[in-house]
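# A look at the structure
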Amino acid sequence: MARVAVQTAPFDIAAELAALTAGRPDIGGIGSFIGTVRDTAGERKLTAMTLEHYPGMTERALADIVAEAGRRWPLLGVTVIHRVGRLTPGEGIVLVLAASAHRAAALAATGFLIDWLKTRAPFWKREHFADGSTAWVEAKAEDDAAAAAWATTSPAEI
Amino acid sequence: MTKLRILYFAWLRERVGRAEEILALPAGITTVAALRQHLNARGPAYAALAEPTVRVAINQAMAGPMTAVGPGDEVAFFPPVTGG
């Protein structure tokens, strides 16, 4: 039911959708989130981004997050693919798909999965700027707030 | 031997100057907090370990200052995560 992958290769959204829904006519809605590399960081022009992760723990953390989503919503399938390595503006970084019989659970689970992924899965981004310099991205308070909001929101309220 | 495998990630790896090391666990060190203090005292390269934002995982699960540390454990130090 769940597919979790950490890979350097690009993901194929159409192929992932087809795999998620194959043989599952009970699915009535699929929520999706695709994160991409922006070409700016604040005022600065970005040329690339490098993503580092903690092999082993990352896959385990993603599986835990997917399992938690499965406890909160009646999901019929989940796909989480996160890329690592060097990525350039416009490229996909992360794909989240959540399938359910109805849209409310699919959309809510998609939001939950990306919010928790951003604050709980061990990935780190390094930005490469047009002037040749680089900087590690700092964690954002609003990401923590978004993830924390799910801890106090029961599925029934969504 | 009572050994620990220690991993460092992202800017912490750069400051410490290595991605991993094997540490002979000194007697009396039984918690994350004690281990962090011990490593921090090794020199300026390890000063970053004192930063309060630095996270710790034991055997690939998030840990707190009082989490137990023992022989054979894999201990990872890293900054707050920024994926997605």
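Now for a description of the structure that goes with this document. The shown structure was predicted, so the numbers you read here are calculated from the model rather than taken from an experiment.

### Focus on the sheet that holds strand β1 (residues 2-7) of chain A
Where strands meet in a sheet, backbone hydrogen bonds hold them as pairs that are either parallel or antiparallel. Residues and elements named next belong to chain A. Within the open sheet, the four strands sit side by side as β1-β5-β7-β2. Their pairing is mixed. The open sheet has two free edges, formed respectively by β1 and β2 (29-36), since each of these has just one partner strand. Each strand axis lies, on average, 5 degrees off the axis of its neighbour in the sheet, ignoring direction. Two elements, strand β5 (residues 75-83) and strand β7 (residues 92-100), share seven bridges in a ladder whose sense is antiparallel. Each bridged residue has a counterpart across the sheet, and for His82 the counterpart in β7 is Val94. Contacts between helix α1 (residues 13-21) and the sheet are confined to β1, β2, β5 and β7, with β7 contributing the most and set at about 25 degrees to the helix.

### What to know about the environment of Pro89 of chain A
Along the chain, Pro89 of chain A falls in the loop between β6 (85-87) and β7. Each C-alpha atom of the pair Pro89 of chain A and Thr40 of chain A lies 8.6 Å from the other, and the pair is 49 residues apart in sequence.

### Some points on the sheet that holds strand β3 (residues 55-58) of chain B
Residue and element names in this part refer to chain B. Strand order in the open sheet made by the five strands is β2-β1-β5-β3-β4, with mixed pairing throughout. Unpaired on one side and paired on the other, β2 (20-24) and β4 (61-63) mark the two borders of the sheet. The sheet shows a mean angle of 30 degrees between the axes of neighbouring strands, direction not considered. As paired elements, β3 and strand β5 (residues 74-78) share four bridges and run antiparallel to each other. When the bridges of β5 are listed, Val56 appears paired with Phe77. Helix-sheet contacts for helix α2 (residues 32-40) involve β1 (3-8), β2, β3, β4 and β5, and the interaxial angle to β5 is about 65 degrees.

### What about the interface of chain B and chain A?
How big an interface is tends to be stated in terms of accessible area lost as the parts join. Every contact between the two is made by 20 residues of chain B and, on the other side, 25 residues of chain A. Between chain B and chain A, roughly 1,800 Å² of surface is buried when both sides are summed, and carbon and sulfur atoms account for 56% of that area. By the criterion of area lost to chain A, the three top residues of chain B are Gln60, Thr82 and Gly84 of chain B, representing 39% of everything that side buries. Here chain B is connected to chain A by two salt bridges.

### With respect to the packing of aromatic side chains
With the rule as written, the count across this model stands at 11 aromatic pairs over all chains. On the numbers, 5.8 Å between centres and 90 degrees between planes, the contact of Phe112 of chain A with Trp150 of chain A is edge-to-face. With Phe112 of chain A in helix α3 (residues 103-120) and Trp150 of chain A in helix α4 (residues 141-152), this residue pair connects regions lying 38 residues apart in the sequence. You can call Phe112 of chain A buried: its relative accessible area is 0%. In this structure Trp150 of chain A comes out as buried when scored by relative accessible area, which is 13%. Ring centres of Trp124 of chain A and Phe9 of chain B lie 5.1 Å apart, and the angle between their planes is 15 degrees; this geometry places the pair in the stacked category.

Reading guide: rules and limits
- Residues numbered from 1 in each chain as written.
- Chains lettered and ligands numbered in written order.
- Predicted model: local features only at pLDDT ≥ 70, side-chain atom pairs only at ≥ 80, totals over all residues.
- Heavy atoms only, no water.
- Pairing = 2+ DSSP bridges.
- Helix = DSSP H or I, 4+ residues; strand = E, 2+ residues; numbered from the N terminus.
- Axes fitted to C-alpha atoms, helices over the stretch in contact; angles between N-to-C directions.
- Contact = heavy atoms within 4.5 Å.
- Buried area = accessible area lost by both parts, 1.4 Å probe.
- Salt bridge = Lys/Arg side-chain N within 4 Å of Asp/Glu carboxyl O.
- Phe/Tyr/Trp six-rings, centres within 6.5 Å; stacked < 30°, edge-to-face > 60°.
- Buried < 20%, exposed > 50% of the residue type's maximum accessible area, 1.4 Å probe, protein only.

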